[in-house]
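# Structural overview for review
In case you want the letters, here they are:
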Amino acid sequence: MGFEKIGSMAGKFLKNCVEHNSTFLFITSAAGWALASTAQTIGLAANKEIPKEEKKFLVPQEILDGTFNIASYAAISLPLMKGVEKLAQSKFPNNNKAVEGARCLAAIAGGIVSSNIITPVLRNKTGAIVKEKMESKNLTPPPAQIYDGKTQPFFRAKNPPLSIQSYMNFTKSMPNSGSLRI
C-alpha cells in the first residue's frame, strides 16, 4: 500500500467519524477496551510478584473478560443503534443531527448495559463452569493450614477446620477490626 492510499483511507475514516459521531464512539470504545485488556494481561504476565500458579488462572481470566466486554458491547450496541436510528428517522425525518444524537446515546447506553450487566453475568457463569471443571480434576490448590498473615484464612467445611491460632493471627493482622478479636 502506498502512502497516498493510506492517507486517503485515513481521510475517509476521519470524515466518517466527523459525520457519524456514534460510529466513532463505538469504534473508540471497543478499541479502548481492547487496549485496556491487553495492558492488563501483559501487566499480569510480567508481574514477578504473582506466582506462576495464579498467573495460569489470572491471564486467561483477563483475556476472557476483555473478550466478553468487547463482544457484549458489540452485541448490545449495534442492534440498539440501528433500532434507535430507525425510530429517530421516523420521528425526525429531516434532522440528521437528531438521528446521530440518538445513535450516540444508544452507543453509550449499550456500553453501560454491556459492561455493568452482561459482562459480569457472562464472566460469573464462565467462572463457575471453569471452577467446576478444575475441582473435578483436582486442580485447585488446597488451602493453607496455618495462616501466613498475607491472605484471608479459608473457612471451608470440607477441609480440616482452621485452628484457633490461625484465626487469632488473622485478627491481629487487622488492627482496626476490633470486633474480630478474641
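Above this text is the structure in question.
A few points on the structure. (Residues numbered from 1 in each chain as written. Predicted model: local features only at pLDDT ≥ 70, side-chain atom pairs only at ≥ 80, totals over all residues. Heavy atoms only, no water.)

## Section: helix H4 (residues 96-136)
For H4, built from 41 residues, the straight-helix expectation of 60 Å at 1.5 Å per residue is met to within 8% by its first-to-last C-alpha distance of 57 Å. Ser114 marks the point of greatest bend in H4, at about 40°. Turning to H4, its buried residues are Val99, Glu100, Ala102, Arg103, Cys104, Ala106, Ala107, Gly110, Gly111, Ser114, Thr119 and Pro120. Where H4 starts, the residue carrying a side-chain oxygen 3.3 Å from the main-chain nitrogen of Lys97 turns out to be Asn95. (Helix = DSSP H or I, 4+ residues; strand = E, 2+ residues; numbered from the N terminus. Expected span 1.5 Å × (residues − 1). Bend = angle between axes of the 7 residues up to and from the residue. Buried < 20%, exposed > 50% of the residue type's maximum accessible area, 1.4 Å probe, protein only. Polar contact = N/O pair within 3.5 Å; in protein donor to acceptor, adjacent residues only side chain to side chain.)

## Here's the deal with the pattern of salt bridges
Enumeration over the complete set of coordinates arrives at four salt bridges. Between Lys15 and Glu19 there is a salt bridge, with its nearest N and O atoms 3.9 Å apart. Taken together, the residues span about one helical turn, with Lys15 and Glu19 both in helix H1 (residues 3-19) at a distance of four residues. Residue Lys15 is classed as exposed on the basis of its relative accessible area, which comes to 52%. For Glu19, a relative accessible area of 46% corresponds to the partly exposed category. The salt bridge involving Arg103 is made with Glu100; its shortest N-O contact spans 3.9 Å. Residue Arg103 and its partner Glu100 are located together in helix H4, separated by three residues, close to a single helical turn. Overall, the relative accessible area of 12% leaves Arg103 in the buried class. (Salt bridge = Lys/Arg side-chain N within 4 Å of Asp/Glu carboxyl O.)

## Looking at the environment of Asn96
When you line up the elements, Asn96 lands in helix H4. On the basis of relative accessibility, which here comes to 63%, the residue Asn96 falls in the exposed class.

## As for helix H2 (residues 21-46)
Relative to the 38 Å expected for 26 residues at 1.5 Å per residue, H2 spans 37 Å between its end C-alpha atoms, a close match to the ideal helical length. Buried residues of H2: Ser22, Phe26, Ala30, Ser37, Thr41 and Leu44, and no others. On its buried face, H2 is in contact with helix H3 (52-91) and H4. (Contact = heavy atoms within 4.5 Å.)

## With respect to the packing of aromatic side chains
Given two aromatic rings, their pairing is described by the distance between the two centres and the angle made by the two planes. Taken as a whole and judged by the stated rule, the model has two aromatic pairs. With a centroid separation of 5.0 Å and an interplanar angle of 15°, the aromatic rings of Phe26 and Tyr73 are classed as stacked. Note that Phe26 is positioned in helix H2 and Tyr73 in helix H3, a separation of 47 residues in sequence. Take Phe26: its relative accessible area is 15%, and that puts it in the buried class. Relative to Tyr73, the ring of Trp33 lies with its centre 5.0 Å away and its plane at 70°, an arrangement referred to as edge-to-face. In this pair, Trp33 is assigned in helix H2 and Tyr73 in helix H3, connecting sequence segments 40 residues apart. Residue classification places Trp33 among the partly exposed residues on the basis of a relative accessible area of 22%. Take Tyr73: its relative accessible area is 2%, and that puts it in the buried class. An aromatic cluster of three or more residues is present, and its members are Phe26, Trp33 and Tyr73. (Phe/Tyr/Trp six-rings, centres within 6.5 Å; stacked < 30°, edge-to-face > 60°.)

Taken by themselves, the reported measurements are silent on function.
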